[in-house]
Amino acid sequence: MAEKQQSSIVRRMFIAVAMGFVIGFICLYLKATLKGTASEGIWKFVDALLFQDITQTKSLEGLGLFYIVGQLFMRGLQMMIVPLVITSLSLALCSLADPKRLGNIAVKTFITYLSFYVVAAGLAGACAYFVKTMGWFNVTLPSGQAVKLATMEGYNPLVTVVNSMPSNLMNAMSTNNQILSVVVFAVVLGLCMAVMGERATPLKNVIENLNEVVQMFLNFLINKTAPIAIFCMITRALAVYGIEYIAPTLVWIATTIVVSLGLVATIYPIGIALTTGLNPFPFLRKSAKIGLFAAATNSSAATLPLNTRTCIDELGCSEEITSFVLPTGMTINMNGTTAMHMIAITFIGTAAGLDVTPATLCLAAFLSICTAVGTPAIPVAGTTMVYVVMTGLGMSSELCLIGYSLVLAMNYLPGMAVITLNVIGDAATNVIVCKKENALDLAKYNA
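Conventions used here
Residues numbered from 1 in each chain as written. Predicted model: local features only at pLDDT ≥ 70, side-chain atom pairs only at ≥ 80, totals over all residues. Heavy atoms only, no water. Helix = DSSP H or I, 4+ residues; strand = E, 2+ residues; numbered from the N terminus. Buried < 20%, exposed > 50% of the residue type's maximum accessible area, 1.4 Å probe, protein only. Contact = heavy atoms within 4.5 Å. Areas by Shrake-Rupley, 256 points an atom, 1.4 Å probe, with all protein chains shown as cover. Expected span 1.5 Å × (residues − 1). Phe/Tyr/Trp six-rings, centres within 6.5 Å; stacked < 30°, edge-to-face > 60°. pLDDT = per-residue confidence, 0-100. Core = buried A, V, L, I, M, F, W, Y, C linked by side-chain atoms within 4.5 Å. Salt bridge = Lys/Arg side-chain N within 4 Å of Asp/Glu carboxyl O. Axes fitted to C-alpha atoms, helices over the stretch in contact; angles between N-to-C directions. Parallel < 35°, antiparallel > 145°, perpendicular 65-115°, else oblique. Left-handed = near helix turned anticlockwise from the far one by under 90°. Nonpolar A, V, L, I, M, F, W, Y, C, P; charged D, E, K, R; others polar.

## Let's talk about the overall build of the protein chain
- Helix and strand counts for the protein chain come out as 20 helices and zero strands.
- Within the protein chain, the proportion of its 447 residues that are buried is 53%.
- Across the protein chain, contacts joining residues at least 24 apart in sequence account for 81% of those joining residues at least 6 apart.
- Just so you have it, the protein chain exposes about 19700 Å², and 67% of that area is on carbon and sulfur atoms.

## Structural notes on helix α14 (residues 335–351)
- Its 17 residues place the ends of α14 24 Å apart at the C-alpha level, agreeing with the 24 Å of an ideal helix rising 1.5 Å per residue.
- For α14, the tally of buried residues reaches 17 of 17 residues, placing the bulk of the element in the interior.
- Immediately beyond the C-terminal end of α14, within one or two residues, lies G353, with a positive phi of roughly 90°.

## Re unusual backbone geometry
- In this structure, N438 is a non-glycine residue whose phi angle is positive, near 55°.
- You can see N438 is positioned in the loop between α19 (412–436) and α20 (442–446).

## Side note on the packing of aromatic side chains
- Following the criterion strictly, the structure yields nine aromatic pairs and no others.
- Relative to Y268, the ring of F116 lies with its centre 4.9 Å away and its plane at 85°, an arrangement referred to as edge-to-face. In this pair, F116 is assigned in helix α4 (residues 104–133) and Y268 in helix α10 (residues 246–276), connecting sequence segments 152 residues apart.
- Residue Y268 is classed as buried on the basis of its relative accessible area of 0%.
- Pairwise contacts between aromatic rings join W43, F51, F66 and F231 into one cluster.

## Side note on the side chain of T87
- Take T87: it is sitting in helix α3 (residues 65–96).
- What makes T87 buried here is its relative accessible area of 1%.

## Some thoughts on the confidence of the model for the protein chain
- Averaged over the protein chain, the pLDDT score is 81; the fraction of residues at 70 or greater is 85%.
- Taken as a whole, residues 143–157 scores under 50 in pLDDT and shows 21 contacts with residues more than four places along the chain or in a different chain.

## Observations regarding the nonpolar core
- F73, W252, F283, I348, M390, Y404 and V431 are the most contacted members of the largest nonpolar core, which has 120 residues in total.
- If one sorts the elements of this core by residue count, α3 sits on top with 14 residues.

## Considering the pattern of salt bridges
- For the coordinates displayed, the defined rule picks out four salt bridges.
- In this structure, the salt-bridge partner of D355 is K132, at a minimum N-O distance of 3.4 Å. Taken together, the positions of D355 in the loop between α14 and α15 (358–373) and K132 in helix α4 put the pair 223 residues apart, joining distant regions of the chain.
- With a relative accessible area of 53%, D355 lands in the exposed category.

## Some remarks on the environment of L278
- Note that L278 resides in the loop between α10 and α11 (280–297).
- Exposure remark for L278: the relative accessible area of 10% places this residue in the buried category.
- Along the sequence, L278 and K435 sit 157 residues apart, while their C-alpha atoms lie 9.0 Å from each other.
- Discounting chain neighbours no more than four positions away, the residues touching L278 are I272, A273, V431, K435, L440, L442 and Y445.

## Quick word on the packing of α4 against helix α13 (residues 319–332)
- α13 packs onto α4 with a crossing angle of 40° between their chain directions and a minimal axis gap of 11 Å. Viewed along their axes, α4 and α13 adopt a mutual orientation that is oblique. In this structure, the crossing between α4 and α13 has a hand that is right-handed. In this structure, α4 contributes I105, A106, T109, F110, Y113 and Y117 to the contact, and α13 contributes I321, F324, V325, G329 and I332.
- In terms of residue class, the contact of α4 with α13 is built from nine nonpolar, two polar and no charged.

Rendered as structure tokens:
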């Protein structure tokens, strides 16, 4: 049932994207054809009815129906950012840091996952920065919109450390511009609940219920309204801004796929070879079907049974350790999501005319890792969390939101490569931890 629902969502997303481009090109043709003619008033009427930015008018000069739909969708996401970060991240850390589960295995598992996070973020950020310097993410911005761009001013990166600790929690939670402070609060809350143990159960139950409410709303927002909103946003983007975003979006898709598959083929075998001394090729050969199954189903949960049987029966991992490492990885190991975030942020910022610097990418990596650990199990969750990183970086201009809408709409194909990076990372971590604990059947591994 869940797979059919996911397929329906993807199908409606594709239809929305296709229709958005078709209607957008028609509007673009109409705009170019009627401009400067006696019939130009027809286009002005269509623009006022559908595309007018009503926040820039002093009276009822137009309805801006497509603008309103797109804004309501984006503001719905914005509304849930703070509760989403607090509930998902605090619960993830509370579960991870449960004193009954902590020990050598848990510590080694967490360190391994964190190491893969950092390496994936660094390499993906470097690749994205290379693509940016080559000019492949650049967009020729309309002169009328260029003056409205938000800018990211230069600053001492150490200021971020000070600002990450909020002096007023309510003030930090009242705006999406202090997401890093919210992340720190969620981490502190999760760890404190873990230390308190059963005494924190009432609070944990409240947060779990709130998390379910947040996920239910986001499920509704993505499943029911996203196709309509994406259609409106893409159509309006083409009608207002032209076709400049198409080529950079295709570059983002290709870059995400190539980088994700490249990381699968490099960081995991190299990590296994360096930490265990094992030959990584048996791992690559036997884990390939895990990645293919994950890409086909686009679900880490659906891949868990196959991943478990492959790790135990073919890679020689301990059943006891596997039963801890893989479910934990399914919850917190989203290094593919972090890699995608680095590329998406570079694409969105560059296409919106912002100067995405290495310092910006370092802060983006930190925010992405923190949010990816607590990424909830909702459709296109990783792509939804791109918005958290965007708000943490101050990327809030309208052109940034257009870039984000394209990332959200074009997520499916890159998502197939991203989820492959996630699930094979779970298996690689399992092999490393089992070898470190002397619980790996070498005969099965090398068979």
